[in-house]
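Structure assessment
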Amino acid sequence: MLKSFLGPFAITFPVALFVLDMQILWVYADDFIGKGLDTWIILQLMWYASARIVNQALPLAILVASIMAMGNLSEKNELTALRSAGIPLMRILKPLVILMMFISCGALWFSSSAWPSANLKFRALLYSVTKQRPALNIKPGIFYTGIEGFSIRVENKEIDGTLNNILIYDHRDPERQASLVIKAESGKMYHDENRDELVIELNNGHSYEDQKEKKLKRKERLHPHVMSSFEHQILRINLRSLKFDLADENLFRKSYEMMSLPNLKKATDSLQLQSDNIRKELVEYGINSITPFKNKLFINKKDSGSFQEWFSTLSKQDRNTIIASSKQITRNQARSIENYIDKIQGKILRRDRHTIEWHRKFILAISCLVLFFVGAPLGALIKKGGIGLPIVFAISIFLFYYIVSMVGEEMVKTGTLLPSLGMWFSTIILIPIASFLTYLAIKGGGRYIFTKAN
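1. Description of helix α3 (residues 39-52)
Taking 1.5 Å as the rise per residue, α3 with 14 residues should run 20 Å; its terminal C-alpha atoms sit 20 Å apart, in good agreement. Among the residues of α3, Ile41, Leu45, Met46, Tyr48, Ala49, Ser50 and Ala51 are the ones counted as buried.

2. Remarks on the packing of aromatic side chains
Counted by the stated rule, this structure contains seven aromatic pairs. Pairing Phe372 with Phe373 gives two aromatic rings, centres 5.3 Å apart and planes at 75 degrees, and the pair type is edge-to-face. When its relative accessible area of 0% is taken as the criterion, Phe372 is described as buried. Where Phe398 meets Tyr402, the ring centres are 6.4 Å apart and the plane angle is 20 degrees; that geometry is what we call stacked. Of this pair, Phe398 and Tyr402 both sit in helix α12 (residues 389-413), four residues apart, which is roughly one turn of that helix. Accessibility expressed as a relative area gives 11% for Phe398, which makes it buried. Here the aromatic residues Phe5, Phe9 and Phe13 are joined through ring pairs into a cluster of three or more. Over the ring of Tyr340 we find Lys343; its NZ or CZ atom is 6.0 Å from the centre of that ring.

3. Considering a nonpolar patch on the surface
A cluster of nonpolar side chains, contributed by Ile395, Leu399, Tyr402, Ile403, Met406 and Val407, occupies part of the molecular surface with about 500 Å² of accessible area. With respect to the helices, strands and loops of the structure, Met406 is situated in helix α12. Under the relative-accessibility criterion, Met406 is labelled partly exposed at 32%.

4. Some thoughts on helix α14 (residues 425-443)
The terminal C-alpha atoms of α14, which comprises 19 residues, lie 28 Å apart, in line with the 27 Å expected from a rise of 1.5 Å per residue. Taken as a whole, α14 has its buried residues at Ser426, Thr427, Leu430, Ala434, Leu437, Thr438, Leu440 and Ala441. Buried residues in α14 make contact with α5 (78-84), α6 (89-92), α11 (316-382) and α12.

5. Side note on the packing of helix α1 (residues 2-27) against α3
Orientation of α1 relative to α3, taken along the N-to-C sense of each, is 120 degrees, at an axis distance of 10 Å. If you check the angle between α1 and α3, you find them oblique. Crossing geometry of α1 relative to α3 is assigned as right-handed. Along the contact surface, α1 presents Leu17, Asp21, Ile24 and Leu25, while α3 presents Met46, Ala49 and Ser50. Counted by class, the contact of α1 with α3 contains five nonpolar, one polar and one charged residues.

6. Things to note about the pattern of salt bridges
The full count for this structure, using the stated rule, is eight salt bridges. Put simply, Asp276 and Arg279 hold a salt bridge, and the shortest N to O gap is 3.4 Å. With Asp276 and Arg279 both in helix α8 (residues 261-296) and three residues apart, the pair spans about one turn of that helix. Taking the relative accessible area as the measure of exposure, Asp276 reaches 29% and is therefore partly exposed. Judged by relative accessible area, which is 36%, Arg279 ranks as partly exposed. We note a salt bridge from Lys413 to Glu410, for which the minimum N-O separation is 4.0 Å. Taken together, the residues Lys413 and Glu410, both in helix α12 and three residues apart, mark about one turn of the helix. Within this structure, Glu357, Arg360, Glu409, Glu410 and Lys413 form a network of salt bridges that share partners.

7. A few points about the confidence of the model for the protein
As a general rule, the predicted coordinates of low-pLDDT regions are not to be interpreted in detail. Taken residue by residue, the protein gives an average pLDDT of 77. The fraction at 70 or more is 79%. Mean pLDDT values for the elements of the protein range from 45 in helix α15 (residues 447-453) up to 87 in α14. Below a pLDDT of 50 lies the segment residues 291-304, which in the model reaches ten contacts outside its immediate sequence neighbourhood of four places, other chains included. Taken together, the stretch residues 446-454 has pLDDT below 50 and engages in eleven contacts with residues farther than four places along the chain or on a different chain.

8. Quick look at the nonpolar core
Counting 70 residues, the largest nonpolar core has Phe5, Leu58, Ile62, Leu63, Met70 and Met100 as its most contacted members. Going through the elements one at a time, α1, α3, α4 (54-75), α6, α7 (94-131), α11, α12 and α14 are the ones with two or more residues in this core. For Met70, the residues in contact, after removing those within four places along its chain, are Met1, Leu79, Leu89, Leu93, Ala376, Gly379 and Ala380. Judged by nonpolar contacts, the second largest core, of 18 residues, contains Ile138, Ile152, Leu180 and Ala184.

9. Concerning the environment of Gly422
Along the chain, the position of Gly422 falls in helix α13 (residues 419-422). Under the relative-accessibility criterion, Gly422 is labelled buried at 0%. Taking the C-alpha atoms as reference, Gly422 lies 8.3 Å from Glu410; in sequence the two are twelve residues apart. Look past the residues within four positions of Gly422 in its chain and what remains in contact with it is Gly408, Glu409, Val412 and Leu417.

10. Notes on the environment of Ile138
Assignment of secondary structure puts Ile138 in the loop between α7 and β1 (150-157). Taking the C-alpha atoms as reference, Ile138 lies 7.8 Å from Ile152; in sequence the two are 14 residues apart.

11. Some words on the packing of α4 against α12
Where α4 contacts α12, the axes come no closer than 9 Å and their chain directions differ by 145 degrees. The hand of the α4/α12 crossing is right-handed. Touching Gln56, Pro59, Leu60, Leu63, Val64, Ile67 and Met68 of α4 are Pro390, Ile391, Phe393, Ala394, Ile397, Phe398 and Tyr402, all from α12. Class assignment of the residues belonging to the contact of α4 with α12 gives a composition of 13 nonpolar, one polar and no charged.

12. Quick look at the pairing of strand β3 (residues 180-192)
Sheet analysis places strand β2 (residues 162-170) next to β3, joined by eight bridges and oriented antiparallel. What sits directly across from Leu167, in β3, is Lys183. Of the strand pairs in this sheet, β3 and strand β4 (residues 197-210) are connected by eleven bridges, and their pairing is antiparallel. Residue pairing across strands places Tyr190 opposite Val199, the latter belonging to β4.

The rules behind the values
Residues numbered from 1 in each chain as written. Predicted model: local features only at pLDDT ≥ 70, side-chain atom pairs only at ≥ 80, totals over all residues. Heavy atoms only, no water. Helix = DSSP H or I, 4+ residues; strand = E, 2+ residues; numbered from the N terminus. Expected span 1.5 Å × (residues − 1). Buried < 20%, exposed > 50% of the residue type's maximum accessible area, 1.4 Å probe, protein only. Phe/Tyr/Trp six-rings, centres within 6.5 Å; stacked < 30°, edge-to-face > 60°. Lys NZ or Arg CZ within 6 Å of the ring centre and 35° of its normal. Patch = residues over 30% accessible without salt bridge, like charges linked within 9 Å, V, L, I, M, F, W, Y side chains within 5 Å. Areas by Shrake-Rupley, 256 points an atom, 1.4 Å probe, with all protein chains shown as cover. Salt bridge = Lys/Arg side-chain N within 4 Å of Asp/Glu carboxyl O. Contact = heavy atoms within 4.5 Å. Axes fitted to C-alpha atoms, helices over the stretch in contact; angles between N-to-C directions. Parallel < 35°, antiparallel > 145°, perpendicular 65-115°, else oblique. Left-handed = near helix turned anticlockwise from the far one by under 90°. Nonpolar A, V, L, I, M, F, W, Y, C, P; charged D, E, K, R; others polar. pLDDT = per-residue confidence, 0-100. Core = buried A, V, L, I, M, F, W, Y, C linked by side-chain atoms within 4.5 Å. Pairing = 2+ DSSP bridges.

Given below as structure tokens:
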């Protein structure tokens, strides 16, 4: 049984990782192209991306492998022979069930420990790649701005490396109001590896540089400048801005995706406490701001008559002042209440995001068990092995499971469902299906359904 399962599993799991990795590579392809990244950087990025998608690849591989394993045994009548010998189906599946328990425990450890670390390293590496400047690749007729502080344009490039009609804007000095402009008829460009500098040899050109004028009005400026000509000039440009620098991982460490189970629980409790404290502050604000007005606006009718009569005795200026002050007080109170509500909603949103991630770690472990009890009895019922019908059933079931999971998660994010319900929505739906299929496989009730269909 273990051999029949581990063979397909050893194939489907890497294939699922590869397919999902290609999806990520396709999404971020624009961030990789043209930046001269080392192969090692790309491999690291794909390695961490593979760790991030284990929660999708592992359940899919278990589902496919369980259908294929039991389908092969049923197709070759080996399962029928075992059951004819008086061995019940659950006893036949016992080695695989024990294996699933170990895989589920390993998945729980992975999602709590290795998964946050992989997310952290992937986020830091991806941020570094997206911020990396394009590699040095100057194309004719296009300004190249990949080197910090420079804009370089050439009319054309010869095969021997000669450049014609070179135009360079040097704006490295942030205090300079105008750039240094260099124009040359021809030149050559090469990389000095010893000093890590770009060397540009310019021939037959001239330069133009503005001189800075301090504390002068625009009308009073004389725009002094320096113009010079040269027959041969060498320009050295430091290429440190093109080097790949890895971002500090501490910038992303506080994100909920980078936390383990204990850290998520601690962060969730802290956000809930903060939300409760803001609610208390809102109640205290309402008591302190609204109740005193009721007392202050009380007017003794015996002394002043009705409010309308008292208000009519005031001058027009006093009435306008009272109305304006009342409006301002009302606006301030409404704005303060809105700010309190926004703070509460923000804390609740962050709390729910942490709660979603907390549940997700357990879902990976439980989904392995649930999808196994969907795939194994289904394979026994359809009595087909190989990569044909089992793959079709597996992908269909997994797509249904994945779509329902995404719907439940989005409903949690919008506040429609609680995290404890929305995140387990797909699992709750699959458990009765798994129970029904297991019941059919044990009783043999599915042989008429699937045999006649075949």
